[in-house]
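Letter by letter, the chains look like this.
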Amino acid sequence: MSQTATSHHHNPAVAPLSLPIGVIESYHYVNLSLGTTTTTTSSSSSLQTVKLEFDTGSGPIWVLDPTCEKSCHSAYQFPRGSYNVSASPSGKQTSQYLSISYVGGYIGGYVSSDNATLCDSACPDGASPSQRASCTDVGSVRFIDVVYSSWSSLATAGFLGLSPPAQADGGTSIYSAVSRKSVVPTTAVGIYLGSANSDLPSNANPKNNGLLTFGASKESAKEYLAHGETIHWIKGDPDYQGNLTLFMSKIVALSFSIKSASPIAAIANASSSPTTSPIQTGTFNLNNSYAIFDTGAGLLSTPASITTSLYAALGFNYTFISHGGRPLCSDVAAVDANLTFTFASAESSSALVNVTVSAKDLATPGYTEDQYCWPVFNDWQSENFLLGKTFLKSFYSLFDIGAFYGDGEPVTQTRMAFAKLREDLKPAAVVV
């Protein structure tokens with residue numbers, strides 16, 4: 001078997017760092033503590049803990065400053081959190097101003113630095129040494145101290161970018177601090193989003209059991225996987241400028257199979273009621289399309305030219321949905337249909353990797369009411385696919401930059417892996 005030349009390291013002398021994943025107003029977040037820790041007295045600690053949405057689709061770390069938290073427009077009545085550089089003896093702010101435009105809004109601020117601490121639970125301001133027993137000080141990190149934000153719907157204090165570090169201007173990548181042999185055993189990040197339904201109008205802040213793990217591996221992921229499921233690495237590809245800025249891979253093929261006629265069609269006043277039918281299969285004609293894996297995106301964005309066909313392949317009536325129809329999640333979950341993405345393997349130049357998702361996997365309750373499901377696909381004026389949490393929630397995901405970047409190793413090849421979760425670890429497809 002022909003092997004790729006990429007080398008991925010493992011250091012068994014240190015343990016992975018796992019952070020609990022919380023949910024607030026549909027946003028998945030982890031805690032990051034900034035400031036100075038102590039080993040003697042809690043009173044001299046300057047730790048400031050903030051909730052940050054983690055995002056494999058962007059690079060920088062950024063945090064609201066106190067003034068912006070109060071004055072920048074917010075859609076919420078609760079405080080989102082902030083970092084005050086003036087309150088931290090170890091905090092430093094530079095004159096370098098950076099701005100970033102996201103789909104959700106625009107942010108701008110000054111590149112700053114401070115010590116960062118990662119804990120397996122929230123590490124509060126002034127935490128005592130005993131409370132910090134399961135925390136790891138990863139050293140200084142650079143981030144954007146945001147003084148302006150138009151992102152009113154963001155419920156957290158900022159972002160923890162997890163895309164390859166080339167996308168993080170000003171050296172604001174978390175990998176500069178975490179991706180070191182003295183801190184983590186591997187160069188991969190593992191993500192289990194958790195079993196909480198994150199989009200329910202009845203519960204915007206559900207309890208969650210997800211974990212984000214720095215230093216993850218195939219072995220550490222096994223406890224999450226469905227019976228018989230194995231992990232296969234997918235080869236990461238550069239962007240159109242030849243740079244490794246995103247976790248993306250060229251789609252070799254996209255196929256579907258559907259076993260039964262869709263009960264969703266009946267909701268749209270279809271002429272016939274659901275009946276059992278033979279298995280139908282097919283493939284889509286793609287135009288040099290890539291899949292971008294993005295935990296910061298909620299939906300599954302697809303080329304507008306094939307959206308109607310994609311819905312039909314999974315048994316959905318797109319006319320009904322495009323006119324505001326709300327499919328019941330119980331109907332979506334009953335459809336026996338699958339969508340399979342095929343990618344090049346990162347482990348063998350001659351092998352391919354299939355990643356299959358079912359209609360039930362894509363069922364996301366909470367579209368205006370708990371019992372209705374969100375439309376699966378979002379039109380995108382692109383030939384590419386943006387695979388957000390609607391897609392990722394049914395998998396244990398691994399994202400690997402392939403280098404201990406914080407030790408000075410260059411990122412020359414990325415890879416990803418997606419393995420189906422045990423059913424009891426997935427969010428419920430139907431909420432009753």
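A quick note: this is a predicted structure, and the numbers were derived from the prediction, not measured. One numbering rule holds for all chains: residues counted from 1, following each sequence as written. Local features in a predicted model are, by the rule used here, given only for residues with pLDDT of at least 70; side-chain atom pairs are given and counted only at 80 or more, and totals for whole chains, interfaces and linings are based on all residues. Only hydrogens and water are set aside; all other atoms, that is, all heavy atoms of the structure, feed into the side-chain values.

**Q** What is the right way to read the nonpolar core from this model?
**A** Soluble globular proteins: nonpolar side chains tend toward being buried together. Membership of the largest hydrophobic core comes to 77 residues, with the highest contact counts inside it found for Leu-162, Phe-214, Phe-293, Leu-339 and Phe-391. Counting residues in hydrophobic clusters, the runner-up holds 19 residues, among them Tyr-27, Ile-144, Trp-151 and Phe-159. Residues belong to a common nonpolar core when they are buried Ala, Val, Leu, Ile, Met, Phe, Trp, Tyr or Cys residues joined through side-chain atoms within 4.5 Å. Remark: exposure states derive from per-residue accessible area (1.4 Å probe, protein chains only) relative to the maximum for the residue type, with buried under 20%, exposed over 50%, and partly exposed in between.

**Q** When you look at the state of the cysteines in this model, what are you seeing that I'm missing?
**A** Any covalent bond linking the sulfur atoms of two cysteines counts as a disulfide. Criterion for a disulfide: a pair of cysteine sulfur atoms within 2.5 Å. The full count for this structure, using the stated rule, is three disulfides. Across the disulfide from Cys-68 sits Cys-72; the S-S distance is 2.1 Å. Judged by the sign of its S-S torsion, about -115°, the cystine formed by Cys-68 and Cys-72 is left-handed. By relative accessible area, which is 0% here, Cys-68 ends up buried. Two residues, Cys-119 and Cys-135, share a disulfide whose sulfurs are 2.1 Å apart.

**Q** Got a minute to help me understand the packing of aromatic side chains in this structure?
**A** Each aromatic ring pair is described using two quantities: the centre-to-centre distance and the angle formed by the ring planes. Note on aromatic contacts: the rings of Phe and Tyr and the six-membered ring of Trp form a pair at centre separations within 6.5 Å, being stacked when their planes are under 30 degrees apart, edge-to-face when over 60 apart, and tilted otherwise. Under the criterion given, the structure shown has 27 aromatic pairs. For the pair Tyr-76 and Phe-78, a centre-to-centre distance of 5.0 Å together with 25° between the ring planes defines the contact as stacked. Accessibility expressed as a relative area gives 17% for Tyr-76, which makes it buried. With centroids separated by 6.5 Å and ring planes inclined at 80°, the aromatic side chains of Phe-395 and Phe-418 adopt a geometry described as edge-to-face. Residue Phe-395 is found in strand 20 (residues 395-400), and its partner Phe-418 is found in strand 21 (residues 415-420); the two are separated by 23 residues along the sequence. Just as Phe-395 is buried, Phe-418 falls in that class too. The criterion for a charge sitting over a ring is simple: Lys NZ or Arg CZ within 6 Å of the ring centre, and within 35 degrees of the ring normal. Above the ring of Tyr-372, the side-chain terminus of Arg-326 is found at 3.8 Å from the ring centroid. The lysine or arginine in question, Arg-415, covers the ring of Trp-233, its NZ or CZ lying 3.8 Å from the ring centre. Under the scheme used here, helices are H or I runs from DSSP no shorter than 4 residues and strands are E runs no shorter than 2 residues, and both carry numbers assigned from the N terminus.

Structural measurements only, silent on function.
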